[in-house]
Amino acid sequence: MDHRNRRLDIVLGIGIAAFLLVPWYRIEGGFLGFGWFSGFPTEASVAPGILQILSYGRWWLAFAGLIMAAAVAARFIRDPMRRGTLLATAGAAGVLFLTLQGLAIGFSGWSWTISETLFGALADGQPSMGAGAVLSAFAFVLIFSFGLAERGVMKGDAFVVSSIAILVFLVAIFVFYPVGSMLVGAFQDFDGSFNPDGFTRNIQDNSIWSLGCVVGGERCGVAWRTLWLALMTAGGSTIMGLAFALVATRTRFPFKKGLRLLTVLPIITPPFVIGLALTLLFGRAGVITESLSNLFGIEPGRWLYGLTGIWIAQVLSFTPISFLVLIGVVEGVSPSMEEASQTLRADRWRTFWHVSLPLMKPGIANAFLIGFIESMADFGNPLVLGGSHGVLSTEIFFAVVGSQNDPSRAAVLAIILLCFTLTAFLAQRYWLSGKNFATVTGKGDSGSHIALPRSISIAVHAMVIPWMIFTVVIYGMILFGGFVKTWGLDNSLTLEHYARAFSVEMRDGALAWTGVAWNSFWTTIEIALISAPLTAAVGLLTAYLIVRQKFAGRNVFEFALMMSFAIPGTVIGISYIMAFNLPPLEMTGTALILIACFVFRNMPVGVRGGVAAMSQLDKSLDEASLTLRATSFRTIRKVILPLLRPAITAALVYSFVRAITSISAVIFLVSAQYNMATSYIVGLVENGEYGVAIAYSSMLIVVMIVVIAGFQLLVGERRLRRENRVAGITTAPSLSLGQEKTV
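Residues numbered from 1 in each chain as written. Predicted model: local features only at pLDDT ≥ 70, side-chain atom pairs only at ≥ 80, totals over all residues. Heavy atoms only, no water.

Asks: Tell me what's going on with the overall build of the chain, and back it up with residues and numbers.
Replies: When its secondary structure is counted, the chain shows 32 helices and four strands. Taking all 743 residues of the chain together, the buried fraction comes to 52%. Taking the contacts inside the chain whose residues are at least 6 apart along the sequence as the reference set, 71% of them involve residues at least 24 apart. Counting every atom, the chain has about 34,700 Å² of accessible surface; 64% of that belongs to carbon and sulfur. (Helix = DSSP H or I, 4+ residues; strand = E, 2+ residues; numbered from the N terminus. Buried < 20%, exposed > 50% of the residue type's maximum accessible area, 1.4 Å probe, protein only. Contact = heavy atoms within 4.5 Å. Areas by Shrake-Rupley, 256 points an atom, 1.4 Å probe, with all protein chains shown as cover.)

Asks: Can you tell me about the packing of aromatic side chains, naming the residues and giving the values?
Replies: Following the criterion strictly, the structure yields 33 aromatic pairs and no others. When the ring of F187 is compared with that of F199, the centres are 4.4 Å apart and the planes differ by 25°; the resulting orientation is stacked. Here F187 is found in the loop between helix 7 (158-185) and helix 8 (197-203), whereas its partner F199 is found in helix 8, with twelve residues between them in sequence. With a relative accessible area of 29%, F187 lands in the partly exposed category. You can call F199 partly exposed: its relative accessible area is 23%. Ring centres of W513 and W522 lie 5.3 Å apart, and the angle between their planes is 80°; this geometry places the pair in the edge-to-face category. Among the aromatic residues, those joined into a ring-pair cluster are F502, W513, W518, F521, W522, Y680 and Y696. The ring centre of F146 lies 5.0 Å from the NZ or CZ of R7, which sits over that ring. When the ring centre of F76 is taken as reference, the NZ or CZ atom of R75 above it lies at 5.5 Å. (Phe/Tyr/Trp six-rings, centres within 6.5 Å; stacked < 30°, edge-to-face > 60°. Lys NZ or Arg CZ within 6 Å of the ring centre and 35° of its normal.)

Asks: Can you explain the pattern of salt bridges? Please cite residues and give values.
Replies: This model, assessed by the stated rule, comprises ten salt bridges. Note that R83 is salt-bridged to E150, the shortest N-O span being 3.2 Å. Of this pair, R83 sits in helix 4 (residues 80-104) while E150 is found in helix 6 (residues 131-150), placing the two residues 67 residues apart along the sequence. The class of R83 is buried, set by a relative accessible area of 3%. For E150, a relative accessible area of 9% puts it in the buried group. We note a salt bridge from E689 to R500, for which the minimum N-O separation is 2.4 Å. On the criterion of sequence distance, the pair formed by E689 in the loop between helix 31 (677-686) and helix 32 (690-715) and R500 in helix 22 (residues 496-502) is long-range, its members being 189 residues apart. For R500, a relative accessible area of 39% puts it in the partly exposed group. Connected via shared salt-bridge partners are R26, E28 and E586. (Salt bridge = Lys/Arg side-chain N within 4 Å of Asp/Glu carboxyl O.)

Asks: Describe a nonpolar patch on the surface, and please don't skip the residues or the numbers.
Replies: On the surface, L96, L100, W112, I114, L118 and F119 cluster together into a nonpolar patch covering about 650 Å² of accessible area. Secondary structure elements with two or more residues in the nonpolar patch: helix 4 and helix 5 (113-119). The leading source of residues in the nonpolar patch is helix 5, at three residues. Owing to a relative accessible area of 61%, L118 belongs among the exposed residues under this scheme. (Patch = residues over 30% accessible without salt bridge, like charges linked within 9 Å, V, L, I, M, F, W, Y side chains within 5 Å.)

Asks: Pulling in residues and values, what's your account of the confidence of the model for the chain?
Replies: Taken as a whole, the chain shows an average pLDDT of 82; of its residues, 89% reach a score of 70 or greater. The model gives residues 436-445 a pLDDT under 50, and that stretch makes 16 contacts with residues more than four places away or in other chains. Note that residues 722-743 has pLDDT below 50 and, in this model, 34 contacts with residues that lie over four places away or in other chains. (pLDDT = per-residue confidence, 0-100.)

Asks: For the nonpolar core, give the residues involved together with the corresponding values.
Replies: Nonpolar side chains tend to gather and get buried jointly when the protein is soluble and globular. In this structure, F174, M182, L278, Y576, F580 and F600 are the most contacted members of the largest nonpolar core, which totals 210 residues. Not counting residues up to four positions away in its chain, the partners in contact with Y576 are F174, P178, N581, I593, A596, C597, F600 and L669. (Core = buried A, V, L, I, M, F, W, Y, C linked by side-chain atoms within 4.5 Å.)

Put into structure tokens, the structure is as follows:
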């Protein structure tokens with residue numbers, strides 16, 4: 001009880017300090033700049049909550065103070081059930097009140113007409129929430145959690161209850177609130193008032209829904225054009241990924257290591273670089289285009305600039321992801337089932353078609369879903385290759401930053417995009433629900449996979465070998481393009497582009513980063529290195545709660561988290577702009593909005609990796625730790641995490657790479673102070689500076705390879721020691737962090 005009281009005292013102390021000693025509202029220039037010290041606490045912009053009430057007429061904040069006082073009073077109640085009830089009630093009331101007052105009161109007064117009708121007009125409004133308000137909100141969440149723990153929820157484990165509450169709170173803020181704001185924004189006018197005319201006008205726009213399609217969907221409305229492209233990309237990348245997986249696991253292909261290397265390269269490549277390389281090959285001044293023109297007199301065309309070019313770039317970009325999803329599934333098909341089929345006189349073709357392929361359905365469905373969502377969210381390739389044939393992601397972008405300046409249109413397009421991806425997500429879950437594809441059991445399973453039918457073997461090799469050659473050529477263009485002066489006009493070799501992007505000089509005895517790319521480069525690396533550990537931590541903690549804890553709504557909780565993966569980055573970007581550009585939370589133009597976007601956009605991958613890895617750990621390991629009176633937090637730190645090193649490495653690598661290569665969401669969120677590498681490169685491409693763009697992209701690829709290797713060395717590998725004592729007494733395995741060794 002003393003331990004619980006001490007923990008509660010700390011949280012109550014934080015809540016009181018947030019109200020009395022910390023600026024309540026957002027500070028221009030940032031809280032951590034500490035420039036606000038000069039005016040603290042008397043100036044209105046930096047005054048704490050108590051002075052906002054007493055000196056500046058913001059009387060509504062007094063309710064937050066009264067709720068905090070009720071929580072402090074509950075601390076001295078002896079009966080734990082009554083104390084827990086009052087703490088949980090106060091915490092929930094505090095969070096609810098801060099949320100409502102933040103939404104209801106804006107810069108100029110009431111945001112809702114009903115509030116003004118009930119309470120009268122306000123003399124003054126309020127800025128966005130700052131450090132004091134945010135600290136108070138987290139204190140209320142923890143008070144609520146401790147109250148539930150006092151009442152015995154989750155066996156009284158405050159760490160588990162607090163973790164669940166904080167994760168739900170954060171997901172509500174950074175996933176559901178932005179998406180909800182986007183939905184509301186479709187029905188708002190420029191001044192924020194309710195006006196459904198914009199939604200009605202845009203949802204009926206013929207340019208969105210026109211069915212006047214020609215071959216390839218080039219003249220379809222943008223919605224059908226995007227859907228057609230996503231289906232074609234998902235189908236193409238899934239078929240190619242399956243072909244790669246079959247070649248890597250079921251054939252004697254001699255270059256399997258090179259095959260795997262080529263499948264990794266596109267993942268760590270900025271998403272629009274492949275489109276740029278295709279332009280250098282097949283554009284009007286491309287190498288192959290000019291060669292055909294010189295040799296055969298073929299007039300250079302613009303066939304690359306449209307859905308055809310986008311489709312080629314997207315299949316090249318997303319095939320590696322499909323391969324990584326499918327290779328484990330292909331390897332997991334039980335050889336004994338295939339042997340049983342052949343024993344029953346089925347030939348190799350019939351065995352593959354009726355036994356092996358159906359068991360790969362989960363992987364094929366996942367690969368198709370990922371390809372579909374990635375195509376829907378892709379922004380870089382359509383921007384480079386789309387020409388006049390835009391897709392939803394680029395149309396959303398131009399509706400926000402272009403001459404249209406129509407937030408309602410952007411919101412409507414984002415809703416359509418979201419509907420497409422969520423429909424695919426739910427259809428995939430429905431298709432796989434109620435079906436069992438298990439082939440790995442506790443029983444022994446020997447044998448080897450049957451060889452592919454000859455026709456399939458020829459077909460997959462016919463797809464894989466040209467793809468490998470084409471990929472080598474593409475990356476040759478990427479590398480070579482950074483060393484020529486002007487592509488297609490002056491192909492003489494030069495280091496000018498690298499020097500312009502990354503030049504360094506000595507000035508007055510100090511190192512000066514004079515290259516034009518350094519500012520965005522360091523910003524990108526800094527934000528990626530901050531967001532990657534946070535993404536891994538949040539994802540693995542969520543996985544622990546899903547696998548190891550049983551609580552009401554666990555399935556809904558997991559589905560809600562995974563649904564954020566089905567939300568395209570373009571929708572995330574536009575929803576963040578609509579949600580966090582005004583009170584109650586104003587974060588646009590800051591590094592915080594970029595970090596939050598990366599963490600909650602990439603978190604589902606860490607969750608799934610953690611769930612898969614943690615499911616392999618016997619519960620008796622952490623139960624033994626808890627039996628020895630270790631807390632849940634200590635058990636996670638000392639027992640679970642050391643055994644999850646592969647999952648930690650995967651989460652770190654994925655989140656770091658995605659933070660550097662992401663463009664669809666980032667393009668909306670960057671600012672002059674915090675400009676990310678991908679956004680900067682898009683600007684270079686739009687200005688025709690292909691050489692500098694390729695040089696910058698090449699540097700990013702090298703940096704990602706180095707940092708990935710560093711993550712691997714830092715986290716290390718999971719090492720298990722198993723000792724078998726056979727001196728006639730017992731044979732017992734034991735686990736520890738040491739070399740794998742048999743004694």
